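Reading the structure
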Amino acid sequence: MAEPMKIRATLQVDTADVRILMLHPMETGQRKDAKGDIVPMHFIQSVVVAHNGNTVLDAQWSQAISRNPFLGLRVKGAKTGDRISVTWTDNKGDKRTDEVAVAASS
Amino acid sequence: MNPLRRTFLKLTGAAGTLALVVGAGLLKTREALAATWNKTGFESKAVADALKSLGAASPAESKDIIITAPDIAENGAVVPIAVTSKIPNTQSISIIAEKNPFPLSSTYDLSNGGEAYVSTRLKLGETSNVRAVIKADGKFYTAAKEVKVTIGGCGG
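So, how was this worked out
- Residues numbered from 1 in each chain as written.
- Chains lettered and ligands numbered in written order.
- Predicted model: local features only at pLDDT ≥ 70, side-chain atom pairs only at ≥ 80, totals over all residues.
- Helix = DSSP H or I, 4+ residues; strand = E, 2+ residues; numbered from the N terminus.
- Buried ≥ 20, exposed ≤ 12 C-beta atoms within 10 Å, placed from the backbone.
- Contact = placed C-beta atoms within 7 Å.
- Pairing = 2+ DSSP bridges.
- Axes fitted to C-alpha atoms, helices over the stretch in contact; angles between N-to-C directions.
- pLDDT = per-residue confidence, 0-100.

Here we come to the overall build of chain B. Helix and strand counts for chain B come out as 3 helices and 9 strands. Counting from the amino terminus, chain B carries its helices and strands in the arrangement α-α-α-β-β-β-β-β-β-β-β-β. When burial is assessed residue by residue, chain B has 32% of its 156 residues classed as buried. Within chain B, counting contacts between residues at least 6 apart in sequence, those at least 24 apart form 64% of the total.

On to the pairing of strand 7 (residues 95-101) of chain A. Residue and element names in this part refer to chain A. Note that strand 6 (residues 83-90) and strand 7 share 7 bridges and pair antiparallel. In the sheet register, Val86 faces strand 7, and the bridge partner there is Asp98. With antiparallel pairing between neighbouring strands as the criterion, strand 6 and strand 7 make up a hairpin whose turn holds 4 residues, including Gly93 at a positive phi of roughly 85°.

Attention now goes to the environment of Ala60 of chain B. Residues and elements named next belong to chain B. Note that Ala60 resides in strand 1 (residues 60-61). Sequence-wise, Ala60 and Asn112 are 52 residues apart; in three dimensions their C-alpha atoms are separated by 26 Å. Ignoring any residue separated from it by four or fewer positions in sequence, one finds Ala60 in contact with Phe140 and Tyr141.

Let's shift gears to unusual backbone geometry. The phi torsion at Met26 of chain A lies on the positive side, around 50°, for a residue other than glycine. By the element assignment, Met26 of chain A lies in the loop between strand 2 (15-21) and strand 3 (44-51). Since 22 C-beta atoms lie within 10 Å of it, Met26 of chain A is described here as buried. Positive phi is not limited to glycine here, since Asp137 of chain B has a value of about 55°. Within the secondary structure, Asp137 of chain B sits in the loop between strand 8 (128-136) and strand 9 (139-151).

Okay, the interface of chain B and chain A next. Each side of the interface is counted separately: chain B has 34 residues, and chain A has 29 residues. Listing elements by their share of the side of chain B that touches chain A, those giving two or more residues are helix 1 (3-36), strand 6 (104-110) and strand 7 (114-122) of chain B.

Let us look at the sheet that holds strand 5 (residues 70-76) of chain A. Spatial strand order, 1(A)-2(A)-5(A)-7(B)-4(B)-2(B): 6 strands in an open sheet with antiparallel pairing. Strands with a single pairing partner mark the edges of an open sheet, and in this sheet they are strand 1 (6-12) of chain A together with strand 2 (65-68) of chain B. Between one strand axis and the next, the sheet turns by 15° as a mean value, whatever way the strands run. Where strand 1 of chain A lies against strand 2 of chain A, 7 bridges are found, and the strand directions are antiparallel. Directly across from Leu11 of chain A, in strand 2 of chain A, lies its bridge partner Ala16 of chain A.

A few words on the pairing of strand 9 of chain B. Residue and element names in this part refer to chain B. Inspection of the sheet shows strand 1 paired to strand 9 by 2 bridges, in the parallel sense. Its bridge partner being in strand 9, Glu61 is matched across the sheet by Thr142. The sheet contact formed by strand 3 (residues 72-75) and strand 9 spans 3 bridges and is parallel. Its bridge partner lying in strand 9, Asn75 is registered against Ile151. Alignment of strand 8 against strand 9, held across 9 bridges, turns out to be antiparallel. If you follow Ala136 over to strand 9, its bridge partner there is Lys139. Counting the residues in the hairpin turn of strand 8 and strand 9 gives 2 residues, including Asp137, whose phi is positive at 55°.

Right, let's talk about the confidence of the model for chain B for a bit. Residues with a pLDDT of 70 or more make up 74% of chain B, whose mean pLDDT is 82. Under a pLDDT of 50 for its full length, residues 20-35 of chain B has, in the predicted model, 2 contacts with residues more than four places off or in other chains.

Below, the structure is given as C-alpha cells:
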C-alpha cells in the first residue's frame, strides 16, 4: 500500500528547502463511491520530519489535506549531505519512512 | 426443548463476547494514537471549538503572519497554502479552513531549526477564510486570508 515518497532537499545558503510528495488517497469519509456507499476515512494523521535524527517538524493532519499530499518546509543550519528523513502514519496504522541527503543548490 | 436450539444460542453468545473483546482491543489502539493526535480539535465542527482545542481561545491578530494562497481556487480539492511567520520563537503553526465541515486542517510543531514556514495543499469545501494560528512564546497570534472556491473539494 504505502508507496515511496518523493523528497527533495536543496541547500540555499544555510537553509535546506525540503519538498515532500507523498502518495496517499486521503479519503475524507464524505465521498460516495459509484454505488452510493460512503468511502471510509483513510488519511495521513502524522508526519515527522527529522534532520540528522533530530525532529524539526511534527505535523498533525486531518482529512482536509489534499490527495497525494505535498509538504514544504525549511530547515535552518543544514549542510550538504545532511540526512533528512520523513515518516508518515495514517489512521489505519500504515507507516512509511524515506530518507534523502541534502543536495547543494544548483 | 430442542437441544439444537440450545447449542445454537450458546454458540452465538460466545461469538458475541469474542466480538466485544476484539472491539475493545481496537478501541485501545485508537486511543493510543489519539494521545498524540488532537482528536477533539480535528473532530470539532466549529472554528471556536477548534481554537479552544489548540489552547488558543482568543488569539491576537497579527500582521507578521503571511499566508500565501490563491485569491481564487478553481479546484477546491487542491488549494496550495503556505504560511510564513515572522514572529520570533514560533513554536507551532495551525491552519484552519473556516467553512470546512471540520475546520482544523493541520498543526505543525517546529523544533531544532525547523523554520517558521510550511507549505501544503488543502481541500476547501467552499469559499472560505483560511486562518493561520501561530503559537510563539506560549502566546497565540492569527491572520486570515479569503480564498474563493469555484468547485468544492469535499464530497464528490
